[in-house]
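# Analysis of the macromolecular model
Listed below, chain by chain, are the residues.
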Amino acid sequence: MDEWKRVAWSDEFRFLIHHVDGRVSVRRLPGEQLLSSCTADHTQIGGGSIMLWGTFSWAALGPVVVVEQTMKAANYLNITVDHLHHYMAFVFPTGNGFFQQDNAPCHKARIVLKWFEEHTDEFHLMSWPPNSPDLNPMEHIWDVMERQLRAQTLPCPNISTLRGRCLDISYNLALVIYQKLVASMPRRDAAVLKAKGGTTNY
């Protein structure tokens with residue numbers, strides 16, 4: 001557990017205004033074809049999505065960043081420089097921390113890996129397997145946020161509201177949530193090994 005407490009986990013996730021992208025299907029009973037509730041233009045409600053990047057560790061929830069454009073190497077490098085760097089220095093001031101990222105192309109880009117190499121005296125980049133089912137606890141943070149978002153009474157009318165609600169939810173996550181996730185890592189590893197790399201109940 002002492003080693004897992006020195007890891008900062010990260011991931012990206014896309015939150016949707018509606019549960020699915022694209023068209024919204026409406027089921028109507030006979031005689032309901034002309035009812036306004038069944039013929040309303042759903043595009044008036046607004047559609048679309050936002051992508052968030054986030055990180056957390058045992059000690060503290062890190063920054064949650066709205067990715068305004070497609071996540072490419074340059075965008076990701078800006079996040080590491082502007083947000084991750086300060087977070088790692090705050091949480092692991094002695095330079096003994098590890099940063100986890102998956103193997104997405106933008107994470108493995110040359111300019112990004114070069115930046116991490118230049119900062120190895122401050123923290124280390126964690127080696128991550130190409131197929132890693134159920135190993136990244138950051139995915140559970142997104143799941144908690146998604147469920148809290150969908151539990152709200154009023155739907156999000158637009159992207160701006162969606163962004164605000166997601167950030168509010170993230171800033172109010174309890175410390176116990178992500179400490180429990182870090183504490184689950186030994187069990188996660190054991191389960192994945194038992195499943196020989198397959199999916200588990202985590």
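Below is a short write-up of the structure. Computed from a predicted model, the values in this text were never measured in an experiment. (Residues numbered from 1 in each chain as written. Predicted model: local features only at pLDDT ≥ 70, side-chain atom pairs only at ≥ 80, totals over all residues. Heavy atoms only, no water.)

## Some points on the pattern of salt bridges
Under the defined criterion, the tally for this structure stands at three salt bridges. Close ionic contact of R163 with E68 constitutes a salt bridge, the shortest N to O distance being 3.9 Å. Taken together, the positions of R163 in helix 5 (residues 159-171) and E68 in the loop between strand 3 (61-67) and helix 2 (73-91) put the pair 95 residues apart, joining distant regions of the chain. Its relative accessible area of 25% is what places R163 among the partly exposed residues. Of the charged contacts, one joins R147 and D143 as a salt bridge, the two residues approaching to 3.1 Å between their closest N and O atoms. You can see R147 and its partner D143 sitting in helix 4 (residues 138-150), four residues apart, about one turn around the helix. (Salt bridge = Lys/Arg side-chain N within 4 Å of Asp/Glu carboxyl O. Helix = DSSP H or I, 4+ residues; strand = E, 2+ residues; numbered from the N terminus. Buried < 20%, exposed > 50% of the residue type's maximum accessible area, 1.4 Å probe, protein only.)

## Regarding the nonpolar core
With 30 residues, the main nonpolar core has W9, F15, L52 and M145 as its most contacted residues. The element that contributes the greatest number of residues to this core is helix 4, accounting for six residues. In this structure, V65, M88, V91 and V112 belong to the second largest nonpolar core, which totals 22 residues. (Core = buried A, V, L, I, M, F, W, Y, C linked by side-chain atoms within 4.5 Å.)

## Examining the sheet that holds strand 3
With respect to topology, five strands assemble into an open sheet ordered 3-2-1-4-5, the strand pairing being mixed. Pairing within the sheet leaves two strands with one partner each, and these edge strands are strand 3 and strand 5 (123-125). Sheet twist, expressed as the average angle between the axes of neighbouring strands with direction ignored, equals 25°. Pairing geometry for strand 4 (residues 97-99) and strand 5, over three bridges, is parallel. Following the sheet pairing, F99 is matched in strand 5 by L125. (Pairing = 2+ DSSP bridges. Axes fitted to C-alpha atoms, helices over the stretch in contact; angles between N-to-C directions.)

## A short note on the pairing of strand 2 (residues 49-56)
With seven of eight residues buried, strand 2 is to be regarded as a mostly interior element. When strand 1 (residues 7-16) meets strand 2, the two strands line up antiparallel, connected through eight bridges. Of the residues in strand 2, the one forming a bridge with F13 is L52. When strand 2 meets strand 3, the two strands line up antiparallel, connected through five bridges. Its bridge partner being in strand 3, F56 is matched across the sheet by L61.

## Things to note about the packing of aromatic side chains
Across all of its chains, the model carries 10 aromatic pairs by this definition. Their ring planes at 15° and their centres at 6.0 Å tell us that F13 and W142 sit as a pair that is stacked. Linking F13 in strand 1 with W142 in helix 4, this pair joins segments that are 129 residues apart in sequence. We classify F13 as partly exposed; its relative accessible area is 28%. With centroids separated by 6.2 Å and ring planes inclined at 50°, the aromatic side chains of W115 and F123 adopt a geometry described as tilted. What makes F123 buried here is its relative accessible area of 1%. Counting every residue linked through ring pairs, the aromatic cluster contains F99, W115, F116 and F123. Positioned above the aromatic ring of W58 is the side chain of K5, whose terminal nitrogen or guanidinium carbon lies 4.4 Å from the ring centre. (Phe/Tyr/Trp six-rings, centres within 6.5 Å; stacked < 30°, edge-to-face > 60°. Lys NZ or Arg CZ within 6 Å of the ring centre and 35° of its normal.)

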